Amino acid sequence: MQQKTKKLVLYVAGQTPKSLAAISNLRRICEEHMPGRYVIEVIDLRQNPKLAREHNIIAIPTLVRELPVPMRKIIGDLSDEEKVLVSLRLGEE
Amino acid sequence: MSAVGISKSPTGIGGFDDLTLGGVPTGRPTLVCGSAGCGKTLFASTFLIHGARQFDEPGVFVTFEERPTDIVANVASLGFELDTLIAEDKITIEHILVDPIELAEIGEYDLEGLFLRLELAIDAIGAKRVVLDTIESLFSAFNNPAILRAEIRRLFDWLKDKGMTTVITAERGDGSLTRQGLEEYVSDCVILLDHRVNSQVSTRRMRIVKYRGTAHGTNEYPFLIDEDGFSVLPVSSLALDHKVHEDIITSGVPDLDAMIATGGFYRGTSILISGVAGAGKSSLAASFANSGCAGGERVLYFSFEESSAQTVRNMRSIGINLQPWLDADRLRHIAARPTFYSLEMHLAVMLREISRFDPSLVVLDPISALLGSGDQQEVQAMLLRIVDFLKNRGATAVFTHLAHSQEGAVATDAGMSSLMDAWILMLNREVNGEFNRELYLLKARGAAHSNQVREFVMHSDGIRLLPPFLGQGRALTGSARRAEEARVRREEIIRTKEVGRLRLAANERRRVALARIEQLNAEIEASEHELHLMEDAETEYLRQSGRDLKEMEASRRA
């Protein structure tokens, strides 16, 4: 099983319950299903709102899978593990 | 009347600010809804651009549909240099691209990203105005309407808290103002734009559905999108409080002016010239225009039947030369077929031209042509607006109206005779096999006027009104008048001749008598002479005979 490292960027805005939930959900899923093969970057748009414009972020939280291409976006607090996995197609790639 | 407690931000849209007594509510959201292509985006961008340029209120244009370059290009055709304003940091376009395909939704989320971007844009230029065009696009991007609604409500509240004067555009939905029921969230001001096609003629209309805390007109108002941008028609004033003028304008027909005690018509009044075909309505109207121009006034002539060149040519035949006035731009002639626009468009175009040219005399020739483009009520409403509009400006209005019948022609088709201050009725009556034009001054408010029917005669040197010939117990016109005049002339000649003859005869008799006196005198003289001679002879005889007697006596004695 040669799986590439995934680069995941999670956009949040401050310490809101949804943001905190999304961060912990993402960390847990990644650790369970692809330990060691992921990089998570959390960007707080409240600190750096220009990035919202640059990356065209509307909803919070938004998870962007930058690598591997194609880029994919998931919005929400990632509370449904199955769906997150399907959406990221973590199992196939 | 003025809105206490509500301050308003002018939109710079002609007419709209008058209608709402100041503009949209400051620091509050205004919803502009309407179907596709009815001018929502233009309304919004005009609001923003005027704000940035005229009122020093920078603005953020949030577009969910069109790209920024398209928006700049769209309004460039209207003379709005949006790119300059963007370069000067007076306007920012924030493009919120929604692409539903690459999104998956898992769990709870909010639109904080949108808020952050908006805040960034607002703070960057110190914006006071915001446009959201069209926020409903979000509904196609996100699947959870409950979240969206909550977020949109939060967005509006947030904008309100920030004191942003906001215009939100939305598509018209079936049976509701907007597809997603946004009107529920915007409680301050809702404007509905409409684009209707009636008898193949399209009309744009605007209505203020609600405007909390302020008086506003509730009617539908036509609006215009043209090279000048978005303009709502100036409203008919609710009050009759226009300025009254005392000075007099002339009709260009001295005979007509002389029929009124004041020597002409009051400035700023509405004058109706009605009559059947060929009665000379346009000619009289042109005479008004001509005399106005000659008096240094600016005259606007709307013709719905004749082109400018045609009018000039036709009027030259009665000694009215309009060309110099046209060349000097003192007279402007605007010709448009009634079917070219809808009624509202006509009105809009007319009002705009009047505002631009600022004439003191306006001619509409003929208003009856407009009856084809709308029902009577609409035409009447439109004329009322024009009349009010012109009165407010103190401009004199001359309307011609084609009547189809002149028997009892004291009611016009459009039923607007009561709107008019003066009414000139023109008749074309058949008497003894010929038609003669007649003119009657039916009413002239505020001035005593002649009650006579005058004969209206057009010559190559102008228009004259002949006083009627009163003969045989009635007023005569045309040939009948000329025949009567000739008969009277003939009688007069015969009478004069008779008098001459009698005078001649009397003189003759006198001369004869004098001659006879002369002759008798001569006879008397001759007789006296003869008598004298006889007396002399007698005296001589007596003396001789005496002497003879003495001689005889002497001889006998001797």
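Residues numbered from 1 in each chain as written. Chains lettered and ligands numbered in written order. Predicted model: local features only at pLDDT ≥ 70, side-chain atom pairs only at ≥ 80, totals over all residues. Heavy atoms only, no water.

Draft legend 1. The arrangement of the overall build of chain A in detail. For chain A, the helix and strand inventory stands at 3 helices and 4 strands. Counted from the first residue to the last, chain A has its helices and strands arranged as β-α-β-α-β-β-α. Across the 93 residues of chain A, 49% fall into the buried class. As displayed, chain A has an accessible area near 4,900 Å², and 51% of this comes from carbon and sulfur atoms. (Helix = DSSP H or I, 4+ residues; strand = E, 2+ residues; numbered from the N terminus. Buried < 20%, exposed > 50% of the residue type's maximum accessible area, 1.4 Å probe, protein only. Areas by Shrake-Rupley, 256 points an atom, 1.4 Å probe, with all protein chains shown as cover.)

Draft legend 2. Summary view of the interface of chain B and chain A. Between chain B and chain A, the contact holds 24 residues from the first and 26 residues from the second. Interface of chain B and chain A: buried area, both sides summed, is about 2,200 Å²; carbon and sulfur atoms make up 60% of it. Inspection of the chain B/chain A interface yields 3 salt bridges. The partner of Glu112(B) in a salt bridge is Arg46(A), with the nearest N and O atoms 2.6 Å apart. At the boundary of chain B and chain A, one finds 15 residue pairs in polar contact (both at pLDDT 80 or more). Of all the elements in the fold, those that place two or more residues in the side of chain B that touches chain A are β5 (91-95), β6 (103-105) and α5 (112-125) of chain B. Among the elements that line the side of chain B that touches chain A, the one with the most residues is α5(B), at 6 residues. Residue composition of the side of chain B that touches chain A, by class: 13 nonpolar, 4 polar and 7 charged. Bridge count between strand β4 (residues 72-75) of chain A and β6(B): 3 bridges; the pairing is parallel. Opposite Ile75(A), over in β6(B), you have Glu105(B) as the bridge partner. (Contact = heavy atoms within 4.5 Å. Buried area = accessible area lost by both parts, 1.4 Å probe. Salt bridge = Lys/Arg side-chain N within 4 Å of Asp/Glu carboxyl O. Polar contact = N/O pair within 3.5 Å; in protein donor to acceptor, adjacent residues only side chain to side chain. Nonpolar A, V, L, I, M, F, W, Y, C, P; charged D, E, K, R; others polar. Pairing = 2+ DSSP bridges.)

Draft legend 3. Focus on the nonpolar core. All names here are of chain B. Among the nonpolar cores identified, the biggest contains 42 residues, and Leu132, Ile135 and Phe142 are the most heavily contacted of them. Secondary-structure elements contributing two or more residues to this core are β3 (29-34), β4 (59-63), α5, β7 (129-133), α6 (138-141), α7 (145-161), β8 (165-171) and β9 (189-198). At 7 residues, the largest contribution of residues to this core is made by α7. Once residues within four sequence positions are removed from consideration, leucine 132 is found in contact with Val62, Phe64, Leu155, Phe156, Leu159, Thr166, Val167, Ile168 and Thr169. Counting 38 residues, the second largest nonpolar core, distinct from the first, contains Val312, Trp325, Leu361 and Met426. (Core = buried A, V, L, I, M, F, W, Y, C linked by side-chain atoms within 4.5 Å.)

Draft legend 4. Examining the packing of helix α1 (residues 17-33) of chain A against helix α3 (residues 81-88) of chain A more closely. Residue and element names in this part refer to chain A. Relative orientation of the contacting elements α1 and α3 amounts to 70°, with a least axis distance of 11 Å. Relative to α3, the element α1 lies roughly perpendicular. Here the hand of the crossing between α1 and α3 comes out right-handed. Only Glu81, Val84 and Leu85 of α3 make contact with α1, whose side of the interface consists of Arg28, Ile29, Glu32 and His33. Broken down by class, the residue content of the contact of α1 with α3 amounts to 3 nonpolar, 1 polar and 3 charged. (Axes fitted to C-alpha atoms, helices over the stretch in contact; angles between N-to-C directions. Parallel < 35°, antiparallel > 145°, perpendicular 65-115°, else oblique. Left-handed = near helix turned anticlockwise from the far one by under 90°.)

Draft legend 5. Up close: α7(B). Residues and elements named next belong to chain B. When the terminal C-alpha atoms of α7 are compared, their 24 Å separation across 17 residues agrees well with the 24 Å that a helix rising 1.5 Å per residue should span. The set of residues buried in α7 consists of Ile147, Leu148, Glu151, Ile152, Leu155, Phe156, Trp158 and Leu159. With its buried residues spanning 165° around the axis, α7 presents them on a single face. Turned more than 90 degrees away from the buried face of α7 sit Ala146 and Asp161, all of them exposed. The backbone nitrogen of alanine 146 lies 3.1 Å from a side-chain oxygen of the residue at the head of α7, namely asparagine 144. (Expected span 1.5 Å × (residues − 1). Arc of directions from axis to C-beta.)

Draft legend 6. Quick look at the confidence of the model for chain B. A residue-level look at chain B finds 92% of positions with pLDDT of 70 or above and a mean pLDDT of 83. Complex prediction metrics read pTM 0.65 and ipTM 0.89. (pLDDT = per-residue confidence, 0-100.)

Draft legend 7. Region of interest: the pattern of salt bridges. By the definition in use, this model includes 30 salt bridges over all chains. Between Glu88(B) and Lys90(B) there is a salt bridge; the shortest N-O distance is 4.0 Å. Accessibility expressed as a relative area gives 47% for Glu88(B), which makes it partly exposed. Judged by relative accessible area, Lys90(B) falls into the partly exposed class, the value being 28%. When the shortest N-O distance is used, the salt bridge between Arg332(B) and Asp329(B) registers 3.2 Å. One connected set of salt bridges, linked through shared partners, spans Arg46(A), Glu112(B), Glu151(B) and Arg154(B).

Draft legend 8. Focus on the sheet that holds strand β1 (residues 6-12) of chain A. Spatial ordering of the open sheet is given by β2(A)-β1(A)-β3(A)-β4(A)-β6(B), a layout of 5 strands whose pairing is mixed. Of all the strands in the sheet, the pair left with one neighbour each is β2 (38-44) of chain A together with β6 of chain B. Across the sheet, the mean angle separating the axes of adjacent strands is 20° when strand polarity is ignored. Against the sheet, α1(A) engages β1, β2 and β3 (62-67) of chain A, with an angle of about 175° to β2(A). Each of β1, β3 and β4 of chain A together with β6 of chain B touches α3(A); the most contacted strand, β4(A), lies at about 160° to it.

Draft legend 9. Inspection of helix α9 (residues 281-294) of chain B at higher detail. All names here are of chain B. The terminal C-alpha atoms of α9 lie 20 Å apart, and with 14 residues this matches the ideal 20 Å at 1.5 Å per residue to within 8%. Within α9, 12 of the 14 residues are buried, which leaves it mostly tucked inside the rest of the structure. Considered for burial, the residues of α9 that qualify are Lys281, Ser283, Leu284, Ala285, Ala286, Ser287, Phe288, Ala289, Asn290, Ser291, Gly292 and Cys293. Within two residues after α9, glycine 296 carries a phi angle of roughly 85°, on the positive side.

Draft legend 10. Representation of the side chain of Glu151(B) within the structure. Residue and element names in this part refer to chain B. One can find glutamate 151 in helix α7. What makes glutamate 151 buried here is its relative accessible area of 9%. For glutamate 151, the residues in contact, after removing those within four places along its chain, are Asp110, Leu111, Glu112 and Phe115.

Draft legend 11. Geometry of unusual backbone geometry. All names here are of chain B. Following aspartate 133, the chain continues into threonine 134 via a peptide bond in cis, with omega recorded as -15°. Mapped onto the elements of the fold, threonine 134 is located in the loop between β7 and α6. For the bond from aspartate 365 to proline 366, the omega torsion is -15°, close enough to zero to count as cis. Considering the arrangement of structural elements, one finds proline 366 in the loop between β18 (361-365) and α13 (376-393).

Draft legend 12. Seen up close, the packing of α5(B) against α7(B). Residues and elements named next belong to chain B. Between α5 and α7, whose axes approach to 11 Å, the crossing angle comes to 20°. The angle between α5 and α7 falls in the class roughly parallel. When you trace α5 past α7, the crossing you get is right-handed. Where α5 abuts α7, its residues Glu112, Leu114, Phe115, Leu118, Glu119 and Ile122 lie against Glu151, Arg154, Leu155, Trp158 and Leu159. Of the residues belonging to the contact of α5 with α7, the class tally is 7 nonpolar, no polar and 4 charged.

Draft legend 13. Examining the sheet that holds strand β20 (residues 422-431) of chain B more closely. Residues and elements named next belong to chain B. Strand order in this open sheet of 9 strands is β17-β16-β18-β19-β15-β20-β21-β22-β23, and the pairing throughout is mixed. Edge positions in the sheet fall to β17 (331-335) and β23 (462-466), since each of these pairs with one other strand and no more. Neighbour-to-neighbour, the strand axes of the sheet open up by a mean angle of 20°, direction not taken into account. Bridge count between β18 and strand β19 (residues 396-402): 4 bridges; the pairing is parallel. Bridged to valine 363 within β19 is valine 398. Along the sheet, helix α12 (residues 343-357) makes contact with β16 (299-303), β17 and β18, crossing β16 at roughly 160°.

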